[in-house]
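# Coordinates in review
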Amino acid sequence: AFYEHINCDVLKARAEQEGFNKVVTRLAVAGYKAPRTVQMSGKAAAPLWAKRGVIAGCGFATTFVKVFYSTPLKNFAKRNPGVTVDAYIDDLTLAASGKSEKEVEVILVKATKDLEHVIRHELGCEIAKEKSAVVGSSEGLAQRIADQAQSIGAVAKSAAASLGVD
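Residues numbered from 1 in each chain as written. Predicted model: local features only at pLDDT ≥ 70, side-chain atom pairs only at ≥ 80, totals over all residues. Heavy atoms only, no water.

### Let's talk about the packing of helix α2 (residues 8-17) against helix α4 (residues 61-79)
Worth spelling out the cut-off: Orientation is described by axes fitted as lines to C-alpha atoms, over the contacting stretch for helices, and by angles from 0 to 180 degrees between their N-to-C directions. Secondary structure counts use DSSP, requiring at least four H or I residues in a row for a helix and at least two E residues in a row for a strand, with both numbered from the N terminus. Roughly parallel means an angle under 35 degrees; roughly antiparallel means over 145; roughly perpendicular covers 65 to 115; every other angle is labelled oblique. Contact between two residues is taken to exist if any of their heavy atoms lie within 4.5 Å; hydrogens are not considered. By the convention adopted, Pro, Cys, Tyr, Trp, Phe, Met, Ile, Leu, Val and Ala count as nonpolar, Lys, Arg, Asp and Glu as charged, and the other residues, Gly among them, as polar.
One way to put it is that α2 packs onto α4 with a least axis distance of 9 Å and a crossing angle of 75°. In terms of their interaxial angle, α2 and α4 are classed as roughly perpendicular. Judged by residue contacts, V10, L11, R14, A15 and Q17 of α2 engage F64, V67, F68, T71 and P72 from α4. A class-by-class count of the residues in the contact of α2 with α4 yields seven nonpolar, two polar and one charged.

### Focus on the pattern of salt bridges
The condition that has to hold: The salt bridge criterion pairs a side-chain nitrogen of Lys or Arg with a carboxyl oxygen of Asp or Glu, the two atoms within 4 Å. Residue burial is assigned from relative accessible area. The probe radius is 1.4 Å, only protein chains are included, and a residue is buried under 20% of its type maximum, exposed over 50%, and partly exposed in between.
Considering all chains together, one arrives at eleven salt bridges under this definition. Where R79 meets E122, a salt bridge forms, and the shortest distance between an N and an O atom there is 4.0 Å. Of this pair, R79 sits in helix α4 while E122 is found in helix α5 (residues 101-122), placing the two residues 43 residues apart along the sequence. Classification of R79 by relative accessible area gives partly exposed; the value is 36%. What emerges from the salt-bridge pattern is a single network uniting E101, K102, E105 and R144.

### Let's talk about the pairing of strand β6 (residues 91-96)
Where we set the bar: A pair of strands is treated as paired once DSSP finds two or more bridges between them.
Sheet analysis places strand β5 (residues 83-88) next to β6, joined by six bridges and oriented antiparallel. Bridging from a neighbouring strand, Y88 pairs with D91 of β6. In this antiparallel pair of consecutive strands, β5 and β6, the connection spans two residues, and I89 shows a positive phi of 55°.

### Notes on the nonpolar core
Under the convention used in this document: In plain words, nonpolar cores are sets of buried Ala, Val, Leu, Ile, Met, Phe, Trp, Tyr and Cys residues tied together by side-chain atoms within 4.5 Å.
Membership of the largest hydrophobic core comes to 36 residues, with the highest contact counts inside it found for F2, I6, L11, Y32 and L123. Looking at this core element by element, the count peaks at eight residues for α4. Apart from residues no more than four positions distant in its own chain, L11 is found in contact with I6, V29, Y32, V54, F64, V67 and F68.

Laid out in structure tokens, this is it:
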């Protein structure tokens with residue numbers, strides 16, 4: 001899961017860079033990095049100190065996710081004018097329009113490759129290939145983009161789930 005990949009030291013630095021409250025950040029990160037033990041059948045392993053992961057149930061978890069990817073996504077947006085990136089927690093959507101299908105294809109294939117780099121290298125996370133979908137104004141457009149985005153497991157679909165909506 002995305003939450004488990006968040007590097008605590010990077011999170012702390014990005015939160016301070018974004019002007020997030022230092023006391024709250026330091027307390028939360030200290031809690032995330034606190035020793036953890038595995039227990040089974042009444043026995044406990046030696047404590048381990050986490051370097052990654054935002055603890056599920058933390059009231060600031062979704063806020064820290066946004067802080068964590070804020071700078072990389074701002075930089076992505078600057079490199080990809082004409083592409084709208086929408087984020088719902090750890091689900092990202094790219095959208096673009098153009099004068100022709102070919103123009104949209106070129107824009108989105110470039111942006112998809114850039115976003116893959118951001119996710120894997122700047123965020124240090126993995127892509128949930130089973131969730132990668134391409135929806136286009138035509139089946140052909142969606143298929144051409146998906147064919148060029150195989151590294152993220154993209155599949156052309158006629159519709160995609162509206163993430164975050166029950």
